Amino acid sequence: MKILKWLDIGLKRVEELILALSIITITVMVAGNTVSRNLNMGSWAFTEEISQLALYMATFMGISYVARQGRHISMSAVF
């Protein structure tokens, strides 16, 4: 049981690291592209692809992270 708990904690840390890096990547790419476009009149060609990949990673890893934490978004119907 200790091995499974240790692996669970390790996986949680890896998920947190991936989420943090993907959010930082999205921020740097979008902000950097905006500054570059306004200062140099040119856009980075690779920004959109990297930002999309980081967004997908943040979305799907975020789903697994909140499922692990038990913090699902719940919606109720209004009658």
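For the structure itself, consult the block above.
All values derive from a computational prediction rather than experimental measurement. (Residues numbered from 1 in each chain as written. Predicted model: local features only at pLDDT ≥ 70, side-chain atom pairs only at ≥ 80, totals over all residues. Heavy atoms only, no water.)

**Describing helix 2 (residues 47–69)**
Inference 1: With 23 residues, helix 2 should cover 33 Å at 1.5 Å per step; its first-to-last C-alpha distance of 32 Å lies within 8% of that length.
Inference 2: Considered for burial, the residues of helix 2 that qualify are T47, S51, A54, A58 and G62.
Inference 3: Those residues of helix 2 that are buried are in contact with helix 1 (2–40). (Helix = DSSP H or I, 4+ residues; strand = E, 2+ residues; numbered from the N terminus. Expected span 1.5 Å × (residues − 1). Buried < 20%, exposed > 50% of the residue type's maximum accessible area, 1.4 Å probe, protein only. Contact = heavy atoms within 4.5 Å.)

**Considerations on the packing of aromatic side chains**
Inference 1: Scanning all chains against the criterion turns up one aromatic pair.
Inference 2: Aromatic pair W44 and F46: ring centres 5.8 Å apart, planes at 10°, arrangement stacked.
Inference 3: Here W44 falls in the partly exposed class, since its relative accessible area comes to 33%.
Inference 4: By relative accessible area, F46 is classed as partly exposed at 41%. (Phe/Tyr/Trp six-rings, centres within 6.5 Å; stacked < 30°, edge-to-face > 60°.)

**Looking at the environment of W44**
Inference 1: For W44, the location among the structural elements is in the loop between helix 1 and helix 2.
Inference 2: C-alpha of W44 to C-alpha of G32: the two residues are 12 residues apart in sequence and 8.6 Å apart in space.
Inference 3: Apart from residues no more than four positions distant in its own chain, W44 is found in contact with V28, M29, G32, N33 and S36.
Inference 4: Engagement of the side chain of W44 in a polar contact is seen with the side chain of S36, the distance being 3.2 Å. (Polar contact = N/O pair within 3.5 Å; in protein donor to acceptor, adjacent residues only side chain to side chain.)

**Quick word on the side chain of T47**
Inference 1: Among the secondary structure elements, T47 is positioned in helix 2.
Inference 2: The exposure class assigned to T47 is buried, which follows from its relative accessible area of 4%.
Inference 3: Those residues in contact with T47 that sit more than four places away from it in its chain are M29, V30 and N33.

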